[in-house]
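# Residue-level structural notes
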Amino acid sequence: MPSNAILEQKQKAVAELADLIKASVSGVIVNYQGITVEKDTAMRKALREAGVKYMVVKNTMTGRACEMCGYDALKANLTGMTAIAISENDAIAPAKILKEYDEKIESFHIVAGYVDGNVLDADGVKELASIPSKEVLVAKFLGSIQSPIYKFAYAIKAVAEKEEAPAEEAAPAEEAPAEA
């Protein structure tokens, strides 16, 4: 039986992980078995640059933290060599980065995840990864807003040019008979 000090450390670690999960917008659980050190280092760097926290935590501790946050359904996926990637700001970043490695490395797999309070299976996480980034979505939205404005501006310009053109043509026609 573990000592009280060890139990307290584990409880503190579970509480800290639960706080991270509660404060996050999304998370992805992966089975990282078979990844090389080189690829793992590159993946961790990409996750860090995107503001994603990637941790290898014991499955029992991750399961307890998930229970504390209301993600009980994730416990069924915590078997084997698992890690969790948590993002506090960008809901798509962990899914997008980890999907790349899921496709590249045969033994590396996305297992499950969560976003905005909903638990996702592996297919749901991969679907989430296919969503364009926030910057791309904002650019598309702004482009779609600007398009009607530009069309309206061109229509007004065409109407204004059309109204100016007959006035210019009518003036020389009126002057010609006055000279004769």
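Remember, it's a predicted structure, so these values are computed and weren't measured experimentally.

Conventions we followed
Residues numbered from 1 in each chain as written. Predicted model: local features only at pLDDT ≥ 70, side-chain atom pairs only at ≥ 80, totals over all residues. Heavy atoms only, no water. Buried < 20%, exposed > 50% of the residue type's maximum accessible area, 1.4 Å probe, protein only. Helix = DSSP H or I, 4+ residues; strand = E, 2+ residues; numbered from the N terminus. Pairing = 2+ DSSP bridges. Core = buried A, V, L, I, M, F, W, Y, C linked by side-chain atoms within 4.5 Å. Contact = heavy atoms within 4.5 Å. 1 Å grid on protein atoms, 1.4 Å probe; cavity = no way out; pocket = protein on both sides within 12 Å on 5 of 7 lines; lining within 4 Å. Points joined across faces, edges and corners; volume = space filled by probe spheres on them. Expected span 1.5 Å × (residues − 1). Arc of directions from axis to C-beta. Phe/Tyr/Trp six-rings, centres within 6.5 Å; stacked < 30°, edge-to-face > 60°. Lys NZ or Arg CZ within 6 Å of the ring centre and 35° of its normal.

This part covers the pairing of strand β2 (residues 52-55). Alternating positions in β2 separate cleanly, V52 and Y54 being buried on one face and K53 and M55 remaining unburied on the opposite face. Bridging between β2 and strand β3 (residues 82-87) involves four bridges; their strand directions are antiparallel. Residue M55 lies in a different strand from β3, and its bridge partner there is I84.

In this section: the nonpolar core. Core analysis: the largest hydrophobic core is formed by 25 residues, its most contacted members being V30, M43, Y54, L98 and F108. At the level of secondary structure, the elements contributing two or more residues to this core comprise β1 (26-31), α2 (37-49), β2, β3, α4 (93-104), β4 (109-115) and α5 (122-129). In contact with F108, other than residues within four places in its own chain, are V30, N31, Y32, Q33, I35, M43, Y54, L98, Y101 and D102. Within the second largest apolar cluster, 17 residues are counted, among which are M61, A65, C69 and I86.

The next thing to look at is empty space enclosed by the protein. Scanning all chains against the criterion turns up one cavity of 30 Å³ or more. By volume, the largest cavity is sized at about 30 Å³. Forming the boundary of the largest cavity are I29, M55, V57, T62, L78, T82, A83 and I84. For the lining of the largest cavity, the leading source of residues is β3, giving three residues.

Compared with an ideal rise of 1.5 Å per residue, which puts 20 residues at 28 Å, helix α1 (residues 4-23) spans 28 Å between its outermost C-alpha atoms and is within 8% of the ideal. Residues of α1 that are buried include every one of V14, L17, A18 and I21, and no others. Taken down its axis, α1 places every buried residue within 105° of arc, on the same side. Seen from the open side of α1, the exposed residues pointing more than 90 degrees away from its buried face are N4, E8, Q9 and K12. On the buried face of α1, the contacting elements are β2, α3 (59-69), β3 and β4.

Within the secondary structure layout, T62 lies in helix α3. Once the C-alpha coordinates of T62 and I29 are considered, the two residues, 33 residues apart in sequence, prove to be 9.8 Å apart. Apart from residues lying up to four places away in sequence, T62 is in contact with L17, V57, L78 and I84.

So, about the packing of aromatic side chains. According to the stated counting rule, one finds one aromatic pair in the structure shown. Seen in terms of ring centroids, Y71 and Y114 are 4.4 Å apart; in terms of plane orientation they differ by 25°. Their pairing is stacked. Of the two residues, Y71 is situated in the loop between α3 and β3 and Y114 in strand β4; the sequence distance between them amounts to 43 residues. By relative accessible area, Y71 is classed as buried at 8%. Note on Y114: relative accessible area 1%, which makes it buried. The ring of Y101 has K104 sitting right over it, with the charged end atom 4.9 Å from the ring centre.

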